[in-house]
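What the coordinates show
Spelled out from the first residue to the last, the chains are:
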Amino acid sequence: MDAPLFHMIAAAPEPVAPYSHAVEVDGWLFLTGQIPAEAGADEAPLAAGIEAQTRRVLDNLNIVLVGLRAGLEHVVSARVFLTDFERDYQAMNRVYAEYFPADRLPARTCVGVTHLARGCLVEIDLIARRA
Amino acid sequence: MRGVRQDISVPECDGRAGEGADAVRCDDFVFLSSVGPLDEDGRLVSEGDVAAQYHQACENIERVLRTTRLELTNAASLTVYLRDINDCNKIEPVKRAFFGSVRPAHTVCGVAALAVPGALIEVQAVACKPGSAKLIP
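The sections below set out a description of the structure shown in this document. All residue numbers refer to position in the chain's written sequence, counted from 1. To label them, take the chains in the order written and letter them from A, then take the ligands in the order written and number them from 1. Confidence filtering applies because this is a predicted model: local features only for residues at pLDDT of at least 70, side-chain atom pairs given and counted only at 80 or more, and all residues used for totals across whole chains, interfaces and linings.

A word on the overall build of chain A. In terms of helices and strands, chain A carries 2 helices and 6 strands. In sequence order, the secondary structure elements of chain A are arranged as β-β-β-α-β-α-β-β. Here the radius of gyration uses the C-alpha set of atoms, whereas the globule reference equals 2.2 Å times the residue count to the power 0.38. Whereas a compact globule of 131 residues would reach a radius of gyration of roughly 14 Å, chain A reaches 14 Å, a difference of no more than 12%. Each of the three principal axes of chain A carries a C-alpha extent, and together these read 45 × 35 × 20 Å. Contact criterion: two residues are in contact if their C-beta atoms, reconstructed from the backbone, are within 7 Å. Taking contacts inside chain A between residues at least 6 apart in sequence as the whole, the part at least 24 apart equals 73%. The numbering of helices and of strands both runs from the N terminus, where a helix is a DSSP run of H or I of at least 4 residues and a strand a run of E of at least 2.

Structure follows, in structure tokens:
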């Protein structure tokens with residue numbers, strides 16, 4: 001087993017806590033959950049609404065993956081955390097489905113939680129495998 | 001060759017078709033979508049009984065794993081999401097019945113909502129082909 005690599009991606013939003021954007025071992029990529037913060041505008045208000053926030057989260061995750069020479073098509077497993085599950089679940093799913101090839105949807109878990117960083121509506125973390 | 005991937009679908013495993021594969025196998029690992037307490041027709045079982053719902057979720061995980069020629073006891077990690085964290089002791093006897101002396105990493109956390117109406121529990125598993133992990137003395 002290779003030694004793990006701890007990645008910080010310059011183009012991704014500044015971490016809001018002590019973590020790497022991703023950790024890599026033997027081609028496995030473990031991505032920290034992303035919230036809908038905007039890279040380069042970390043103090044700016046978050047986008048309003050679940051659709052815009054889900055897009056920002058998946059765009060952020062894609063920034064991290066691309067920084068690791070991978071993409072959303074390499075994702076094997078995703079976890080989605082929502083603060084208002086009943087209201088936002090279907091709308092989040094619609095946006096989520098746009099980001100993944102229909103024949104390469106990751107295994108997925110989605111649960112409702114009481115709170116997320118910066119009061120955001122959605123956080124998603126990923127496990128990917130570089131081809 | 002690394003990174004070989006296979007998406008696995010089991011009919012009516014979780015009642016939430018279209019949101020993701022039931023599992024994705026990649027190399028020696030199988031990543032399952034979380035499963036709820038649904039029967040093979042996608043109906044909620046054992047309303048109000050968290051132990052029976054955990055039992056059903058474990059059976060569903062086993063159904064998915066068997067399509068990859070693995071068993072529930074090949075699970076490396078289970079994450080259990082409970083609507084009421086006070087239920088955590090109630091699932092212990094069921095866990096022991098399924099796993100015996102096999103002890104996968106087992107995380108339990110309380111959540112505010114789950115996708116299946118009436119579900120008290122969802123379980124997410126990662127399994128590993130036997131022999132791909134070595135016992136560290």
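At the junction of the two partners, chain A supplies 22 residues and chain B supplies 22 residues. Of all the elements in the fold, those that place two or more residues in the side of chain A that touches chain B are strand S4 (75–82), helix H2 (85–99), strand S5 (107–112) and strand S6 (122–129) of chain A. The element best represented in the side of chain A that touches chain B is S5 of chain A, accounting for 6 residues.

Residues and elements named next belong to chain A. Paired strands are those between which DSSP finds at least two bridges. On the basis of which strands lie adjacent, the open sheet formed by 6 strands has the order S1-S2-S3-S6-S4-S5 and mixed pairing. In the strand order of this sheet, the two ends are held by strand S1 (5–7) and S5, each with one partner. Across this sheet, the average inter-strand angle for adjacent strands is 10 degrees, counted without regard to direction. Across 5 bridges, the pairing between strand S3 (residues 28–34) and S6 is antiparallel. Bridge assignment links Trp28 to a residue of S6, and that residue is Arg129. Each axis is a line fitted through C-alpha atoms, and for a helix only the stretch in contact is used; angles between axes span 0 to 180 degrees, taken between their N-to-C directions.

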